[in-house]
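# Understanding the architecture of this molecule
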Amino acid sequence: MLKKSSLLLIGLICIPVLILVWFSVQLEQKQQQLVKHQFQGLVELQLEAADDLFQAHFRRLEKALKEEAFILYEAKDKEFSLDTLRSIGKSSPYIEQVFIRDSNQATLYPTVETATQRERQFLKQTEVLLNSSNLFVRSQEDSSPNQAPQPVTSRTPYSAQLKSEPVVRKLQITQSNRIQSSPQSAIDSIVLETAEIQSDTLKPNNDFNGLQSGWIAWYNNTQLQHIYWQETPDSQVIGFSMNSARLLSDLINLLPDQNKSSTAPALKNAVITLHNSRGELSYEWGAITYDSVKQSKPIKSLHLNHPLGSWRLDFHSTSLNAPPSQWLEKSAFVLLTLLGLSLLAWLIYKEQTRESRLALQRVNFVNQVSHELKTPLTNVRMYAELLERQLTDDEAKPKRYLDVINNESQRLTRLIDNVLSFSKLGRESLEICMQQGSLKDGVDNTLAAFSPALVQRGINPILHCECDTAVLIDVNCLEQILNNLLSNCEKYAANSGNLVVSCWQEGDHSYIRVQDNGPGIPASSSKKIFEQFYRVSNKLTDGVSGTGIGLNIAKELAVKHGGNLELEPSEHGASFLLSLYTPPLPSTTLDTSKA
């Protein structure tokens, strides 16, 4: 019993702890996944912030170039002045060459006839581009300026507008100045140095509203070049070819300084790299160098928006900064839970052990008392029988008194035997002692002992026995089983008439059927009556003394003897069938007995 209780308590401890550990592992894994997802989002925001800086710079350029185109358009008489157009390329650090196309897609400036050597070189480089009839028209891809940038795999020139503008800042074109945007992120807070294109106060270019314009990204050999073009009200096109070196310098100046960014918490153990259209490294910033991670795959890559669609930003890291793990706290919680459950289980086990020890002491006390009572009861029965033999037939009254003493002492002896057998069965210490004997003798002795009491209760015992052969049997076990069966008949089947006891042998087993004509046992209780301390409750049994262990002991003894005790279906009364393993005696034993 204690072993089963110990296993049960261990299970009660281990199962909640294992469930708690499983939930802790699942929670930790989900937290790690969530933090990883958040980290990927933060990295993407870092890269998008750099792309937004580039877009903002192109928007400032676009506004300044639009205003410059408006000045040129208003300053022309019928034709543009060559000196004015050439002076723009010479004075502006941004503009490398100006060109003008008429409404018929013909190039008005520069022309081969009047071109300088520099202009001839420009015409040669852009010959295919300027002869494209549909290039200076806004691309259909520009209809959704907020869409995510797509990597540019083709080197074919195309025209498109910039990404939608969140904030417009004015840029002018001649002298150097510092322009600082309102800080939105770690990158946005960098002070930007750009060049101005014109210091004069410019008039609003309302006449250009609704007219087409755009940026053309094209390649001169393997170098990415940029052209901004603006349609005029008379359907001409004014274009500006940008200085690539100055544009790259300004774009890099927008990015964080290497020394300052190395201490930024967001770039700890990480580096962000800018790659040009040829895949070459243009700039890097972060706490580590690109050389230490260039062999590894970037954690995140972002292709920039037009007109830098062939450029990309990569985020590299030698070791991701994992979030502070909560394994220590979870382990401590699980350990405290385990200790608490273990302490509770130990207290329960200790209390159960104490109760079991007290119960065992009580059982031992009852067994000891019962055993001690057997000696005086044996003396009482012996002297009662001696006294009964000395009485004459005329002394009926003293004889009746002695019969009562005999019957009650036998009842008490049976009760003590049941208590001792019940205790031994509980401790699994009861042993069956198989000896030579006769089944008929055991049945006769038991019926003879019960006959006076049965007759007095209005029950007529009848024996049908067909087993005279000597067998191996524990006679004491047989008599105790029959004592319990006949005792129940005496208690619950009073005035029921015949009590038929039949016995026979089949092979290695002997069978005894006890059939009375009493009130019987309900079918619902046919299995329960063999349980410990179970008693059928009805009008006939209420008020009748009993312990509820008789049938349980009888069945356990029958099983110990290699048989069984069952309640058979019966129309009248109760019918019990007892089977016992009673092998016949070996031939050598029979010969010895005969000798």
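Let me sum up the structure you'll find in this document. (Residues numbered from 1 in each chain as written. Predicted model: local features only at pLDDT ≥ 70, side-chain atom pairs only at ≥ 80, totals over all residues. Heavy atoms only, no water.)

With the rule as written, the count across this model stands at 10 aromatic pairs. Relative to Trp-215, the ring of Phe-58 has its centre 5.1 Å away and its plane inclined at 85 degrees; by these criteria the two rings are edge-to-face. Of the two residues, Phe-58 is situated in helix H1 (residues 2–75) and Trp-215 in strand E6 (residues 213–220); the sequence distance between them amounts to 157 residues. As far as the burial class goes, Phe-58 and Trp-215 line up, both buried. Among the aromatic residues, those joined into a cluster by ring pairs are Phe-99, Phe-122, Phe-136 and Trp-229. In this structure, Arg-246 packs its charged tip against the face of Tyr-94, placed 5.5 Å from the ring centre. Above the plane of the ring of Phe-530 lies Lys-555, whose end atom (NZ or CZ) is 4.9 Å from the centre. (Phe/Tyr/Trp six-rings, centres within 6.5 Å; stacked < 30°, edge-to-face > 60°. Helix = DSSP H or I, 4+ residues; strand = E, 2+ residues; numbered from the N terminus. Buried < 20%, exposed > 50% of the residue type's maximum accessible area, 1.4 Å probe, protein only. Lys NZ or Arg CZ within 6 Å of the ring centre and 35° of its normal.)

Quick look at the pattern of salt bridges now. In the structure shown here, the tally under the stated rule is eight salt bridges. As a salt-bridge pair, Glu-44 and Lys-300 come within 3.9 Å of each other at their nearest N and O atoms. Placement of the pair is Glu-44 in helix H1 and Lys-300 in strand E11 (residues 300–303), with a sequence separation of 256 residues. For Lys-300, a relative accessible area of 26% puts it in the partly exposed group. The shortest N-O distance in the salt bridge between Lys-440 and Asp-444 comes to 2.8 Å. Of this pair, Lys-440 and Asp-444 both sit in helix H9 (residues 439–456), four residues apart, which is roughly one turn of the helix. (Salt bridge = Lys/Arg side-chain N within 4 Å of Asp/Glu carboxyl O.)

Our focus in this paragraph is the sheet that holds strand E14 (residues 459–465). Either a parallel or an antiparallel arrangement is found when strands of a sheet pair, and the pairing is made through backbone hydrogen bonds. The strand order across the open sheet built from five strands is E14-E16-E17-E19-E18, with neighbouring strands paired in mixed fashion. Two strands lie at the open edges of the sheet, namely E14 and strand E18 (564–568), each paired on one side alone. Averaged over neighbouring strand pairs, the angle between their axes works out to 15 degrees when direction is ignored. Of the strand pairs in this sheet, E14 and strand E16 (residues 497–506) are connected by seven bridges, and their pairing is parallel. Bridging from a neighbouring strand, Ile-462 pairs with Val-500 of E16. Where helix H11 (residues 550–560) meets the sheet, it contacts E18 and strand E19 (575–581), and its direction lies at approximately 130 degrees from that of E18. (Pairing = 2+ DSSP bridges. Axes fitted to C-alpha atoms, helices over the stretch in contact; angles between N-to-C directions. Contact = heavy atoms within 4.5 Å.)

We now examine the nonpolar core. Residues Phe-54, Phe-240, Leu-251, Leu-274, Leu-308 and Leu-313 are the most contacted members of the largest nonpolar core, which totals 44 residues. Ranked by residues supplied to this core, first place goes to H1 with 11 residues. Setting aside chain neighbours within four positions, we find Phe-240 in contact with Leu-65, Glu-68, Ala-69, Leu-72, Ile-95, Gln-97, Val-98, Phe-99, His-226, Ile-227 and Tyr-228. (Core = buried A, V, L, I, M, F, W, Y, C linked by side-chain atoms within 4.5 Å.)

The subject of this paragraph is the pairing of strand E15 (residues 470–473). Every second residue of E15 is oriented toward a common face, the buried set being Val-471 and Ile-473 and the non-buried set Ala-470 and Leu-472. Note that strand E13 (residues 435–438) and E15 share four bridges and pair antiparallel. Within E15, the position partnered with Gln-436 by the bridge is Leu-472.

With that settled, consider a nonpolar patch on the surface. Together, Ile-15, Ile-19, Trp-22 and Phe-23 make up an exposed nonpolar region whose accessible area comes to about 450 Å². Relative to the assigned elements, Phe-23 resides in helix H1. (Patch = residues over 30% accessible without salt bridge, like charges linked within 9 Å, V, L, I, M, F, W, Y side chains within 5 Å. Areas by Shrake-Rupley, 256 points an atom, 1.4 Å probe, with all protein chains shown as cover.)

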